[in-house]
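Descriptive structure summary
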Amino acid sequence: MAVQDNINPKQGVILRLKVIHKHYGSLHVLDGIDIELRQQEILTVLGPSGCGKTTLLRIVNGLISYDQGEVLFKGELDVKPRTEMAMVFQNFGLFPWKRLHQNIGYGLRIQRRSPAEIDKIVAHYINLVGLNGFEDNFPAELSGGMQQRAGLARALAAQPELLLMDEPFGALDALTREQLQDELLKINEAEPKTMIFITHSIDEALLLGDRVVLITPRPGRIRLQLETGFGRGRNLEAIRGSVHFQALRHYLWEALRNPNAELGPIPQFSGNLEGPNSDDLRAIRK
Ligand SMILES: Nc1ncnc2c1ncn2[C@@H]1O[C@H](COP(=O)(O)OP(=O)(O)O)[C@@H](O)[C@H]1O
Ligand SMILES: [Mg+2]
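Cut-off values and rules
Residue numbering note: each chain is counted from 1, following its sequence as written. Here the convention is simple: chains get letters from A, ligands get numbers from 1, in the order in which they are written. Two thresholds apply to this predicted model, a pLDDT of at least 70 for residue-level local features and 80 or more for giving and counting side-chain atom pairs, whereas whole-chain, interface and lining totals are computed over all residues. Working from all heavy atoms in the structure, the side-chain values ignore hydrogens and water. The near set for a molecule or strand comprises every residue that places at least one heavy atom within 4 Å of it. In the analysis that follows, any N or O atom pair within 3.5 Å is treated as a polar contact, provided that within protein one partner can donate a hydrogen and the other can accept it, and provided that, for residues neighboring in sequence, both atoms belong to side chains. Segments assigned H or I by DSSP are reported as helices when at least four residues long, segments assigned E as strands when at least two residues long, and all are numbered from the N terminus. Residue polarity follows a fixed list, in which Ala, Val, Leu, Ile, Met, Phe, Trp, Tyr, Cys and Pro are nonpolar, Asp, Glu, Lys and Arg are charged, and the others, Gly among them, are polar. In what follows, salt bridge is the name for a side-chain nitrogen of Lys or Arg lying within 4 Å of a carboxyl oxygen of Asp or Glu. The buried label applies to any residue whose accessible area, calculated with a 1.4 Å probe on protein chains only, is under 20% of its type's maximum; exposed applies above 50%, and partly exposed to all values in between. At least two bridges found by DSSP between two strands is the condition for calling them paired. Grid points spaced at 1 Å over the protein atoms alone were grouped into cavities, where a 1.4 Å probe fits but cannot get out, and pockets, open sets with protein on both sides within 12 Å along at least five of seven lines, with lining residues defined by an atom within 4 Å of a point. Grid points are joined across faces, edges and corners, and a volume is the space filled by probe spheres set on the points. In this analysis, rings of Phe, Tyr and Trp, with Trp reduced to its six-membered ring, are considered paired at centre separations within 6.5 Å, and the interplanar angle assigns stacked below 30 degrees, edge-to-face beyond 60, and tilted for intermediate values. An expected span of 1.5 Å times one less than the residue number is assigned to each helix. By nonpolar core is meant a set of buried Ala, Val, Leu, Ile, Met, Phe, Trp, Tyr and Cys residues that side-chain atoms within 4.5 Å join together.

Observations regarding the site of ligand 1
All residues adjacent to ligand 1 are Y24, L27, V29, P48, S49, G50, C51, G52, K53, T54, T55 and R218. Here G50 contributes a backbone N or O atom positioned 2.7 Å from an oxygen atom of ligand 1. Here an oxygen atom of ligand 1 sits 2.5 Å away from a polar atom, N or O, in the side chain of T55. Contributing elements (two or more residues each) for the shell around ligand 1: β3 (27-38) and α1 (53-60). Residue contributions to the shell around ligand 1 peak at three residues, all from α1. Looking at the shell around ligand 1 residue by residue, the class counts come to five nonpolar, five polar and two charged.

Below, the structure written as structure tokens:
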């Protein structure tokens with residue numbers, strides 16, 4: 001496993017996965033997953049289909065058990081479903097028979113918050129994700145992108161300490177996906193959250209993550225971790241055009257394509273500020 005050496009823990013560790021192993025019957029799914037997540041970090045988990053990404057997220061959330069290892073959230077070991085965490089799903093997970101505001105307020109009703117409080121929180125998150133005017137619509141009346149904004153609003157309305165996102169933009173068309181990537185980062189700047197974001201897109205992992213963990217094909221092992229280094233307030237378009245993004249993209253692509261090959265050193269920022277494909281940090285960090 002290659003770990004970049006410039007990881008600089010500015011914040012405390014909120015989640016610690018220690019050598020997690022998981023089988024479904026004889027199927028070996030996760031093989032010794034070790035991850036530390038810091039407060040307000042966006043960790044993207046990248047891996048091929050079937051490598052155990054959803055399984056890992058469910059283990060973090062306490063929805064399923066594991067064979068060996070430890071999951072420590074704020075230092076505590078617990079296997080019950082965790083109310084401090086909220087999930088966003090690829091298929092949005094909205095109730096088709098409930099209006100948008102009812103869907104978004106669902107978790108709050110379960111928490112037995114007062115109707116006035118629920119209305120206030122729901123209105124705030126509807127506004128934050130840009131769904132004003134659609135409060136009374138049913139999910140089927142909205143585009144996929146709008147439904148996922150509602151899925152995000154519902155997760156955020158529960159005011160979780162940890163947001164777990166399972167390929168949330170995987171079912172969206174490319175344009176909507178790029179829009180939502182941008183919006184997710186803007187929302188996160190307005191209200192910072194700690195996030196685990198699962199994806200099988202290299203670009204998405206690099207654009208959104210402060211750190212990327214690459215998982216091998218099943219049994220899922222950590223192949224490498226790298227810090228993207230793009231910082232906060234990042235400009236995704238400038239990142240896409242940067243030499244550093246292209247170098248990291250190529251590196252991850254090679255690591256995915258050749259799961260057993262020895263890896264070279266992780267690319268570092270070139271410091272080249274010239275030309276159209278420059279690593280101009282002033283452009284990357286708005
Ligand atoms: N409840 C289950 N019972 C048995 N096998 C499962 C179950 N859930 C997932 N699997 C299998 O475990 C492997 C990993 O699944 P999953 O975590 O969903 O992978 P990913 O999200 O990376 O695509 C797959 O081969 C899948 O078929
Ligand atoms: Mg999955």
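With respect to the pattern of salt bridges
On inspection of all chains with the given rule, the structure shows 19 salt bridges. Among the ionic pairs, E41 bridges to R211, the shortest N-O distance being 2.7 Å. Within this pair, whereas E41 is found in the loop between β3 and β4 (42-46), its partner R211 is found in strand β10 (residues 211-215), the two being separated by 170 residues in sequence. For the residue pair E41 and R211, the accessibility class agrees, reading buried in each case. In this structure, D210 engages R234 in a salt bridge whose closest nitrogen and oxygen atoms are separated by 2.6 Å. Residue D210 is found in the loop between α7 (202-208) and β10, and its partner R234 is found in the loop between β11 (222-227) and α8 (236-240); the two are separated by 24 residues along the sequence. A single burial state applies to D210 and to R234, both of which are buried. Among the ionic contacts, a cluster of salt bridges with common partners joins R38, E41, R211 and E227.

A word on the pairing of strand β5 (residues 68-73)
On a regular strand, one side chain projects to one face of the sheet and the next to the other, so that they alternate. Looking at chain direction, strand β2 (residues 13-24) and β5 are connected through five bridges and run antiparallel. Bridge pairing links H21 to Q68 in β5. Here β5 pairs with strand β6 (residues 76-77) via two bridges, running antiparallel. Looking across to β6, one finds that L72 is bridged to L77.

Points about empty space enclosed by the protein
Where empty space is left becomes clear once a probe the size of a water molecule has been rolled over the atoms. One pass over the full model with this rule turns up four cavities of 30 Å³ or more. Here the largest cavity is characterised by a volume of approximately 50 Å³. Those elements that provide at least two residues to the lining of the largest cavity are β2, β4, α1 and β9 (194-199). Here the element with the most residues in the lining of the largest cavity is α1; it accounts for three residues. In the lining of the largest cavity, the residues fall into ten nonpolar, no polar and no charged.

So, the packing of aromatic side chains
Counted according to the given criterion, the structure contains three aromatic pairs. Three or more aromatic residues joined by ring pairs make a cluster, and in this case those are F95, W97 and Y106.

Description of helix α6 (residues 174-190)
In this model α6 runs 25 Å from its N-terminal to its C-terminal C-alpha over 17 residues, within 8% of the 24 Å that 1.5 Å per residue would give. Within the span of α6, buried status applies to T176, R177, L180, Q181, L184, L185, I187 and N188.

Quick notes on the environment of L248
By secondary structure assignment, the location of L248 is in helix α9 (residues 243-257). Separated by 42 residues in sequence, L248 and L206 place their C-alpha atoms 7.8 Å apart.

A word on the nonpolar core
One finds L152, L163, L226 and L252 to be the most contacted residues of the largest nonpolar core, which totals 52 residues. Looking at this core element by element, the count peaks at seven residues for helix α5 (residues 144-157). Among the nonpolar cores identified, the runner-up in size contains 28 residues, and I35, I59, F73 and I215 belong to it.

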